[in-house]
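A closer look at the structure
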2 protein chains.
Amino acid sequence: MLKITRKVEYALIALRHMQSNKENGLTSAKEIASHYGIPQQLLAKTLQQMARDDIIEAVQGPAGGYRLIANLDLISLKDFFEQLEGPMGLMDCSFDSDCIQIGACNIRVPIQRINNNMRNMFSQMTLQEVTQ
Amino acid sequence: MLKITRKVEYALIALRHMQSNKENGLTSAKEIASHYGIPQQLLAKTLQQMARDDIIEAVQGPAGGYRLIANLDLISLKDFFEQLEGPMGLMDCSFDSDCIQIGACNIRVPIQRINNNMRNMFSQMTLQEVTQ
DNA sequence: GTAAATACGAGTAAAAAAGTCGTATTTATT
DNA sequence: AATAAATACGACTTTTTTACTCGTATTTAC
Ligand code: FES
Ligand code: FES
């Protein structure tokens, strides 16, 4: 429990790689995948998603690839996580309100508080801190 | 991602229930399960685990049940989570070191830092804060 | 025209979590 | 002593989530 997904892990690895590779221009999915031993297709999808989110930019065609375009200092881990994986909540009823026992539940409020603490923590960390 | 398990959720519900039920002495698994609409067997196992961990005390036989014995102010959420679910880490390689790409990995150190932040946060919250 | 790259939906496989079953033990009640 | 209601717990099954793969289309340098 309390784990991040591989998708997020791969995204972070890729971002850091692209950042230290900035001067060389584009980086292909294949290059990252083979360098770190991660599945290329899965990584590609993740890169595509980050491209849709304007964190990186895609260039098609042979000799294409991806390039960092966002300022990683300005993106919080909370926003990044939620862009890739949807809303962050310790339990499903943290955001999705059709919980069966929502009537009887005796820990809804305190869990909500802990949840806010966690979101807060991730709001105060930036992508830059992970990739620097 | 970043979710707690039902086991932990049920444990918290049970603890809070027992706490507000303190003067009445024992509480049975059946009572809690039916009150909150959670699976009795699963809850029972969780209660048994907490009993092994000396958070609650079990009394066997008919009219048996469980009773809070620990001081919830003194148990951090981190310790509680780890007692129920094992070591807390954002990724498996946070504690288990046989990660394949541990050689090439470029985010090990920063992830470790974030992980520490998270553990820290849960170290500073007590069970009492959830059950009060 | 070809080859190497991105784009993306659909489908499959693997892993983790959630829940169930069976059986043993304890003990208050009768 | 028998019964019934509770805890104890390992093994198993089901469900859900995550991880991964496949097929096909598109773009574009050469
Ligand atoms: S379990 Fe859904 S509100 Fe508490
Ligand atoms: S992925 Fe295992 S050390 Fe980074």
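Each value, and the rule that gives it
- Residues numbered from 1 in each chain as written.
- Chains lettered and ligands numbered in written order.
- Predicted model: local features only at pLDDT ≥ 70, side-chain atom pairs only at ≥ 80, totals over all residues.
- Heavy atoms only, no water.
- Helix = DSSP H or I, 4+ residues; strand = E, 2+ residues; numbered from the N terminus.
- Expected span 1.5 Å × (residues − 1).
- Buried < 20%, exposed > 50% of the residue type's maximum accessible area, 1.4 Å probe, protein only.
- Near = heavy atom within 4 Å.
- Nonpolar A, V, L, I, M, F, W, Y, C, P; charged D, E, K, R; others polar.
- Domains from an automatic or database assignment.
- Buried area = accessible area lost by both parts, 1.4 Å probe.
- Salt bridge = Lys/Arg side-chain N within 4 Å of Asp/Glu carboxyl O.
- Polar contact = N/O pair within 3.5 Å; in protein donor to acceptor, adjacent residues only side chain to side chain.
- Axes fitted to C-alpha atoms, helices over the stretch in contact; angles between N-to-C directions.
- Parallel < 35°, antiparallel > 145°, perpendicular 65-115°, else oblique.
- Contact = heavy atoms within 4.5 Å.
- Core = buried A, V, L, I, M, F, W, Y, C linked by side-chain atoms within 4.5 Å.

**Things to note about helix α1 (residues 6–20) of chain B**
Residue and element names in this part refer to chain B. For α1, with 15 residues, the first-to-last C-alpha span of 21 Å sits near the 21 Å given by 1.5 Å per residue. Judged by how many residues are buried, α1 sits mostly within the fold: eleven of 15 residues are covered. Three or more residues of α1 are buried, namely Val8, Glu9, Tyr10, Ala11, Leu12, Ile13, Ala14, Leu15, His17, Met18 and Gln19.

**Quick word on the protein's contact with DNA strand D**
Around DNA strand D lies a shell of 24 residues, among which Gln60(A), Pro62(A), Lys45(B), Gln48(B) and Arg52(B) are the nearest. Protein-adjacent atoms of DNA strand D, using a 4 Å cutoff, are sugar or phosphate at a proportion of 66%. Here the surface near DNA strand D is composed, by residue class, of ten nonpolar, nine polar and five charged.

**Some words on the domain arrangement of chain A**
Residues and elements named next belong to chain A. Each assigned domain of chain A is listed with its residue range as follows: domain 1 (6–68) and domain 2 (76–131). Using only C-alpha atoms to locate each centre, domain 1 and domain 2 end up separated by 27 Å. Buried area between domain 1 and domain 2, summed over both chains or domains, comes out near 1000 Å², and the portion from carbon and sulfur atoms is 65%. At the junction of domain 1 and domain 2, the tally comes to zero salt bridges. For the pair domain 1 and domain 2, the interface holds six residue pairs in polar contact (both at pLDDT 80 or more). Ranked by residues supplied to the side of domain 1 that touches domain 2, first place goes to helix α1 (residues 6–20) with seven residues. When the residues that make up the side of domain 1 that touches domain 2 are grouped by side-chain class, the tally is six nonpolar, two polar and three charged.

**Side note on the packing of α1(B) against helix α3 (residues 40–52) of chain B**
Residue and element names in this part refer to chain B. Packing of α1 against α3 leaves a shortest axis separation of 9 Å and a crossing angle of 70°. Accordingly, the angle class assigned to the pair α1 and α3 is roughly perpendicular. Across the interface between the two elements, Lys7, Tyr10, Ala11, Ala14, Leu15 and Met18 from α1 touch Leu42, Leu43, Thr46, Leu47, Gln49 and Met50 from α3. Of the residues that constitute the contact of α1 with α3, the class distribution is nine nonpolar, two polar and one charged.

**Notes on the protein's contact with DNA strand C**
The immediate surroundings of DNA strand C are formed by 24 residues, with Lys45(A), Gln48(A), Arg52(A), Gln60(B) and Pro62(B) found nearest. What you see for DNA strand C is that sugar and phosphate hold 64% of its atoms within 4 Å of the protein. In this structure, Tyr10(B) approaches DNA strand C through a side-chain N or O atom, which is 3.0 Å from a phosphate oxygen. Between a base oxygen of DNA strand C and a side-chain N or O atom of Lys45(B), the distance comes to 3.3 Å. Put simply, the parts of the chain that give the surface near DNA strand C at least two residues each are α2 (29–36), α3 (40–52), β1 (56–59) and β2 (65–68) of chain A together with α1 and α3 of chain B. Here the residues of the surface near DNA strand C sort into ten nonpolar, nine polar and five charged.

**Digging into the nonpolar core**
Judged by nonpolar contacts, the single largest core of 88 residues is most densely connected at Ile56(A), Phe80(A), Phe122(A), Ile56(B), Phe80(B) and Phe122(B). Once residues within four sequence positions are removed from consideration, Phe80(A) is found in contact with Val8(A), Ala11(A), Leu12(A), Leu15(A), Met50(A), Ile55(A), Ile75(A) and Leu127(A).

**Concerning helix α4 (residues 77–85) of chain A**
Here α4(A) has its buried residues at Leu77(A), Lys78(A), Phe80(A), Phe81(A), Glu82(A) and Leu84(A). Here the buried face of α4(A) lies against α1, α3, α5 (108–123) and α6 (127–131) of chain A together with α5 (108–123) of chain B. Immediately downstream of α4(A), the backbone of Gly86(A) shows phi near 85°, a positive value.

**A word on the interface of chain B and chain A**
On the chain A side, the residues contacting the 41 residues of chain B number 40 residues. Across the chain B to chain A interface the summed buried area is about 3800 Å²; carbon plus sulfur atoms make up 66%. Of all residues in chain B, Met1(B), Leu2(B) and Lys3(B) give up the largest surface area on contact with chain A, accounting jointly for 20% of the area buried on that side. A salt bridge links Lys3(A) to Asp92(B), with the shortest nitrogen-to-oxygen separation between them at 3.8 Å. In this assembly, chain B and chain A are joined by 14 residue pairs in polar contact (both at pLDDT 80 or more). For the side of chain B that touches chain A, the secondary-structure elements that each account for two or more residues are α1, α2 (29–36), α4 (77–85), α5 and α6 (127–131) of chain B. Here the side of chain B that touches chain A is built from residues that sort into 25 nonpolar, nine polar and seven charged.

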